[in-house]
Amino acid sequence: MKLTTKLILAFLLISLFSAGIIVVFSRIATNREFDKFVNDKYEADLVTELARYYQDNQTWVGVEKLYSRDHFDSQNTRPLFFSIADTNGNIIITGKDYHAGETVSADELKAGTRIQVDGETVGILLLNTPPSKNPLEDEFIRRLSQSIYISAIGTILIAFILGAILSRSISRPIRELTKATHEMAGGKFGQQVPVRSRDEIGELASSFNKMNDELAQSFNLRKQMTADIAHELRTPLSLIIGHAEAVHDGVLPPSKENFEIIREEAERLEQLVNDLRILSLADAGELSVDFQPVEINKFLGDIQSHYRVQFNQKRIGLNLEPASVILEANLDPIRFSQVLTNILDNALRYTPEEGRVDISIKQISDKAEITIQDSGEGVSPEDAAHLFDRFYRADASRTRDSDAGGSGLGLAIAKSIVEMHKGKIWAESKKGNGLKVIIQLPVVL
């Protein structure tokens, strides 16, 4: 059974049940209240008539003949439906509920209605058995009940129509989501479903669209990464195979220089495989880390000392501005040194001679912020936002085959390691203003 049918039946059953309850209770309440109204009105009129009768006759004699006839058929007589007692509780006019000379209880006498003439109580009316309804009253109740039944039927029809409309509005986005999930299961990513409301179903549609976009991006990145990895592996392998075949065929002499080229390409291939392994372990959450308290000023000072020779050889200044206070963070020194190594390698690669690279450390709230700013050409803000993507290159002219290339995975590895330290890393740059890499890490307070 479809969801739309189930919802319509549910609305219909609810409306039937509700209408049935309303009809039953409305009839009971209407009959009870109408009877009470008729009885109260009849009792008030009867007291007035009896008081007038006693005032005119100064006795109750003959009152039975006046009220024993039917109001709508004077030829038809019936027992009195009321009794009259004196103030002592003795029955003086008998109806069908009491006998002559009978004495009623104090509670029954209290429940009766006093008949007064000139301020004096001349009797107490005991109306224990309500009078039967006349035909007009019965017709009123019948028509009122008919109106209730018609209203109930109309309510059910309206509920059925509204239920059909509402069930369609609920099931329509679900059908669209189902269709989109089938297409997604068939490999068609990027499917979007319309968001028709702001309720839970609308939130579900928005979440589905977001998930589908992310899956499409992930699928495209995976395909791109597969192509990039194939390219990265093909380049050193082609050089190794080409030089090896050339030496084997005698095209190139088996010299130290040719073997050195083969060795360098093999090392490059090994480095690429290691980088891919580190990234895969980081993605799976299986990259081993050994956290320990590290004083950041001293740690960066050691990194500066390690790189000073390389920077001096290229005549690039490497400056460190430590924090004014001692900052400690829980780091894996080996893993985090790899982060800084990848960033400084890029800075060394793209900073021209006579340039400079400035490292600064400062505390911002409960975080330590490390900034590495170079004086190179820099990249556009759009490129800066993607520098930590795998195999991304802001400058297409820097091919992976060149010495300035690298594997294109260094900054991606740096980002994974920083995130493992519960930190953040991003880049800011403008063309001609160099590149600034910012790292924030939680400090030990």
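Residue positions are given per chain, counting from 1 as you read along its sequence in written order. Per-residue local features are limited, in this predicted model, to residues with pLDDT of at least 70; the limit for side-chain atom pairs, both in listing and counting, is 80 or more; totals at the level of whole chains, interfaces and linings are taken over all residues. The basis for every side-chain value is the complete set of non-hydrogen atoms in the structure, without hydrogens or water.

1. What to know about the packing of helix 7 (residues 296-313) against helix 8 (residues 333-350)
Then step 1. Between helix 7 and helix 8, the shortest axis-to-axis distance is 11 Å and the interhelical angle comes to 35°. Note that helix 7 runs across helix 8; the crossing there is right-handed. Judged by residue contacts, Phe-299, Leu-300, Ile-303, Tyr-307, Gln-310 and Phe-311 of helix 7 engage Pro-333, Phe-336, Ser-337, Leu-340, Thr-341, Leu-344, Asp-345 and Leu-348 from helix 8.
Then step 2. When grouped by side-chain class, the residues that make up the contact of helix 7 with helix 8 number 10 nonpolar, 3 polar and 1 charged. All axes are obtained by fitting lines to C-alpha atoms, using only the stretch in contact for helices, and the reported angles, taken between N-to-C directions, cover 0 to 180 degrees. Numbering of helices and strands starts at the N terminus; helices are DSSP runs of H or I of at least 4 residues and strands are runs of E of at least 2. The crossing is said to be left-handed when, going from far helix to near helix, the turn is anticlockwise and less than a right angle, and right-handed when the turn is clockwise. Residue contacts are defined here by distance: any two heavy atoms, one from each residue, within 4.5 Å place the two residues in contact. Any residue that is not Ala, Val, Leu, Ile, Met, Phe, Trp, Tyr, Cys, Pro, Asp, Glu, Lys or Arg is counted as polar, Gly included; the first ten are nonpolar and the last four charged.

2. Quick look at the pattern of salt bridges
Then step 1. Take a side-chain nitrogen of Lys or Arg and a carboxyl oxygen of Asp or Glu: if they are within 4 Å of each other, that pair is a salt bridge. This structure, assessed with the given rule, holds 9 salt bridges.
Then step 2. Arg-263 is paired through a salt bridge with Glu-260; the nearest N and O atoms lie 2.3 Å apart. Of the two residues, Arg-263 and Glu-260 both sit in helix 6 (residues 256-283), 3 residues apart, roughly one turn of that helix.
Then step 3. When accessible area is computed with a 1.4 Å probe and restricted to protein chains, residues below 20% of their type maximum are described as buried, those above 50% as exposed, and intermediate ones as partly exposed. Classification of Glu-260 as partly exposed rests on a relative accessible area of 28%.
Then step 4. Exposure remark for Arg-263: the relative accessible area of 37% places this residue in the partly exposed category.
Then step 5. Members of the salt-bridge network, linked through shared partners, are Glu-260, Arg-263 and Glu-267.

3. Describing helix 6
Then step 1. The end-to-end C-alpha separation of helix 6 is 40 Å, in line with the 40 Å expected for 28 residues at 1.5 Å each.
Then step 2. Looking only at helix 6, the buried set comprises Asn-258, Ile-262, Glu-265, Leu-269, Leu-272, Asp-275, Leu-276, Ile-278, Leu-279, Leu-281 and Ala-282.
Then step 3. A positive phi of about 70° marks Gly-285, the residue just after helix 6. Helices are assigned an expected span. That span is 1.5 Å times one less than the residue count.

4. A few points about the nonpolar core
Then step 1. Residues Phe-336, Leu-344 and Ile-439 are the most contacted members of the largest nonpolar core, which totals 52 residues.
Then step 2. Element by element, the count of residues in this core is highest for helix 8, at 7 residues.
Then step 3. The contacts of Leu-344, once residues within four sequence positions are left out, are Ile-303, Tyr-307, Phe-311, Leu-318, Val-357, Ile-359 and Ile-372.
Then step 4. In this description, a nonpolar core means a group of buried Ala, Val, Leu, Ile, Met, Phe, Trp, Tyr and Cys residues linked to one another through side-chain atoms lying within 4.5 Å. Val-47, Leu-50, Ile-115 and Val-117 belong to the second largest nonpolar core, which has 17 residues in total.

5. Things to note about the sheet that holds strand 2 (residues 91-93)
Then step 1. In this scheme, strands are said to pair when DSSP sees at least two bridges between them. As summarised here, the arrangement of the 4 strands in space is 2-1-4-3, forming an open sheet in which the pairing is antiparallel. The sheet terminates laterally at strand 2 and strand 3 (113-117), the two strands that pair on one side only. The average angle at which neighbouring strand axes cross in this sheet is 40°, direction not considered.
Then step 2. Where strand 1 (residues 83-85) lies against strand 2, 2 bridges are found, and the strand directions are antiparallel. Opposite Ile-84, over in strand 2, you have Ile-93 as the bridge partner.

6. Things to note about the confidence of the model for the chain
Then step 1. Per-residue confidence from the prediction method is given by pLDDT, with values spanning 0 to 100. Averaged over all residues, the pLDDT of the chain is 82; the fraction at 70 or higher stands at 89%.
Then step 2. Segment residues 70-76 is flagged for pLDDT under 50; beyond a separation of four residues in sequence, or across chains, it makes 9 contacts in the model.
Then step 3. Confidence drops under a pLDDT of 50 for residues 396-405, and excluding neighbours within four residues, the segment shows 21 contacts in the predicted structure.

7. Notes on the sheet that holds strand 8 (residues 356-364)
Then step 1. What the 5 strands build is an open sheet, ordered 6-8-9-11-10; its pairing is mixed. Each edge of the sheet is formed by a strand with only one pairing partner; in this case those strands are strand 6 (317-321) and strand 10 (424-429). Each neighbouring strand pair of the sheet contributes to a mean axis angle of 15°, computed without reference to strand direction.
Then step 2. Here strand 10 pairs with strand 11 (residues 435-442) via 6 bridges, running antiparallel. Each residue of the ladder has a partner; that of Ser-429, found in strand 11, is Leu-435.

8. A short note on the side chain of Asn-342
Then step 1. Relative to the helices and strands, Asn-342 is located in helix 8.
Then step 2. When residues no more than four places from it in sequence are discounted, the contact partners of Asn-342 are Gly-410, Ile-413 and Ala-414.

9. What about the pairing of strand 9 (residues 367-374)?
Then step 1. Most of strand 9 is tucked away: 6 of the 8 residues are buried.
Then step 2. Pairing analysis gives 8 bridges linking strand 8 to strand 9, with the strands arranged antiparallel. When the bridges of strand 9 are listed, Ser-360 appears paired with Thr-371.
Then step 3. Hairpin connection between strand 8 and strand 9: a loop of 2 residues separates the two successive antiparallel strands, and Ser-365 in this loop has a positive phi of roughly 60°.
Then step 4. With 7 bridges joining them, strand 9 and strand 11 adopt antiparallel strand pairing. Residue Gln-373 lies in a different strand from strand 11, and its bridge partner there is Lys-436.

10. Thoughts on unusual backbone geometry
Then step 1. Look at Glu-354: it is not a glycine, yet its phi comes out positive at around 70°.
Then step 2. Here Glu-354 is to be found in the loop between helix 8 and strand 8.
Then step 3. According to the relative accessible area criterion, Glu-354 is exposed, its value standing at 60%.

11. Description of the pairing of strand 4 (residues 120-126)
Then step 1. Burial of strand 4 is extensive: 6 of the 7 residues sit out of reach of the surface.
Then step 2. The pairing of strand 1 with strand 4 spans 3 bridges and is classified as antiparallel. Along strand 4, the bridge assignment pairs Ser-83 with Leu-126.
Then step 3. Relative to strand 4, strand 3 runs antiparallel, the two being bridged by 5 bridges. Paired with Arg-114 across the two strands is Ile-124, which belongs to strand 4.
Then step 4. Hairpin connection, strand 3 to strand 4: the antiparallel pair is bridged by 2 residues, and Asp-118 has positive phi, about 55°.

12. Side note on helix 8
Side chains three or four residues apart in an α-helix point the same way, a direct result of the helix having 3.6 residues per turn.
Then step 1. Compared with the 26 Å implied by 1.5 Å per residue over 18 residues, the 26 Å span of helix 8 between its first and last C-alpha is a close match.
Then step 2. Within the span of helix 8, buried status applies to Arg-335, Phe-336, Ser-337, Gln-338, Val-339, Leu-340, Asn-342, Ile-343, Leu-344, Ala-347 and Leu-348.
Then step 3. Within 3.5 Å is the distance limit for a polar contact, defined as a pair of N or O atoms, with the added protein rule that one can donate a hydrogen and the other accept it, and that residues adjacent in sequence qualify only through two side-chain atoms. Its side-chain oxygen placed 3.1 Å from the backbone nitrogen of Ile-334, Asp-332 serves as the N-cap of helix 8.

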